[in-house]
Amino acid sequence: MKCPHCKTEELKPTMIEEYLPAMACATCEGSLVSLLSYRHWAETQKPAASATAAGMTAAVEASDTTTAIVCPKCGGVMMKYKVAGGVSNRVDVCAVCDDAWLDRGEWELLEALQLSHRMSSIFTDEWQRRIRHELTEDTRRSVLTRAIGEEGVAKVEEFRAWLKQSKHKSDIMAYLYKG
């Protein structure tokens, strides 16, 4: 079986974690993981206690295949799933073979984000919708910050929080729209 990233190297058996087998590429250091094996591992292994994800994420260096890749087993195009809003990495999954491709360092990134035991959640519509929502909110906040500055945004967010609590929200909004 050839590496879906390098396309020439043969994948060789390895262990990502104790009791979690994978097929790895010695050249690009990516790994193909059976999600069936992964689910069994996640159910039977306890998560290790780890430091806070924020500090560890910066130290993890992970590559990401930006182009579509082909499943080394069936030849189908693998779907890309964003890991989190704050990182650009995506895990590639073959829906037919139920295998995931992890680029170099992505397993360590999942561990740093405390997602190694919850990787299956990443592949859900709910997870992907939440990430898109977070990215949209971050973009909206950045646009507003460029327009009115950080201090202005802080005031707007304070007002927004107060407005959410108000039982007169619709009256207040109507007044502001007419202003």
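Refer to the structure printed above.
Cut-offs applied
Residues numbered from 1 in each chain as written. Predicted model: local features only at pLDDT ≥ 70, side-chain atom pairs only at ≥ 80, totals over all residues. Heavy atoms only, no water. Helix = DSSP H or I, 4+ residues; strand = E, 2+ residues; numbered from the N terminus. Rg over C-alpha atoms; globule rule 2.2 N^0.38 Å. Buried < 20%, exposed > 50% of the residue type's maximum accessible area, 1.4 Å probe, protein only. Contact = heavy atoms within 4.5 Å. Areas by Shrake-Rupley, 256 points an atom, 1.4 Å probe, with all protein chains shown as cover. Lys, Arg positive; Asp, Glu negative; His and termini not counted. Charge placed at Lys NZ, Arg CZ, Asp CG, Glu CD. Core = buried A, V, L, I, M, F, W, Y, C linked by side-chain atoms within 4.5 Å. 1 Å grid on protein atoms, 1.4 Å probe; cavity = no way out; pocket = protein on both sides within 12 Å on 5 of 7 lines; lining within 4 Å. Points joined across faces, edges and corners; volume = space filled by probe spheres on them. Nonpolar A, V, L, I, M, F, W, Y, C, P; charged D, E, K, R; others polar.

Regarding the overall build of the chain
Item 1. Within the chain one finds six helices and six strands.
Item 2. The order of α-helices and β-strands along the chain, N terminus first, is β-β-β-α-α-β-β-β-α-α-α-α.
Item 3. For 179 residues, the compact-globule estimate of 2.2 N^0.38 gives 16 Å, and the chain exceeds it by more than 25% at 21 Å.
Item 4. C-alpha extents for the chain along the principal axes are approximately 65 × 35 × 30 Å.
Item 5. Relative to its full complement of 179 residues, the chain shows a buried share of 32%.
Item 6. In the chain, once contacts between residues fewer than 6 apart in sequence are set aside, the share between residues at least 24 apart is 49%.
Item 7. Total accessible area on the chain stands at roughly 11300 Å², and carbon and sulfur atoms take up 55% of it.
Item 8. Taking the average location of the 23 positive side-chain charges in the chain and that of its 25 negative ones, the two points are 7 Å from each other.

Notes on the nonpolar core
Item 1. Of all hydrophobic cores here, the largest spans 26 residues; its most connected members are Tyr38, Val83, Ile122 and Phe123.
Item 2. Counting residues per element, the ones that place at least two in this core are strand S2 (20–24), helix H1 (35–44), strand S5 (90–94), strand S6 (99–102), helix H3 (106–112), helix H4 (119–122) and helix H5 (125–165).
Item 3. No other element matches the four residues that H1 contributes to this core.
Item 4. Filtering out sequence-adjacent residues up to four positions away, valine 83 remains in contact with Asn89, Arg90, Val91, Leu110, Leu113, Leu115, Ile122, Trp127 and Ile131.
Item 5. Within the second largest apolar cluster, ten residues are counted, among which are Cys3, Cys25, Cys71 and Trp101.

Quick word on the layout of surface pockets
Item 1. Roughly 230 Å³ of internal volume is contained in the second largest pocket.
Item 2. Taken together, Glu137, Arg140, Arg141, Leu144, Val153, Val156, Glu157 and Arg160 form the lining of the second largest pocket.
Item 3. In the lining of the second largest pocket, the residues fall into three nonpolar, no polar and five charged.

A closer look at the side chain of aspartate 99
Item 1. Relative to the helices and strands, aspartate 99 is located in strand S6.
Item 2. In contact with aspartate 99, not counting residues within four places along its chain, are Leu32, Val33, Ser34, Leu35, Lys73, Met78, Asp92, Val93 and Cys94.

Here we look at the side chain of serine 116
Item 1. Checked against the element boundaries, serine 116 lands in the loop between H3 and H4.
Item 2. When neighbours within four sequence positions are excluded, serine 116 is seen to be in contact with Tyr38, Trp41, Trp107, Leu110 and Glu111.

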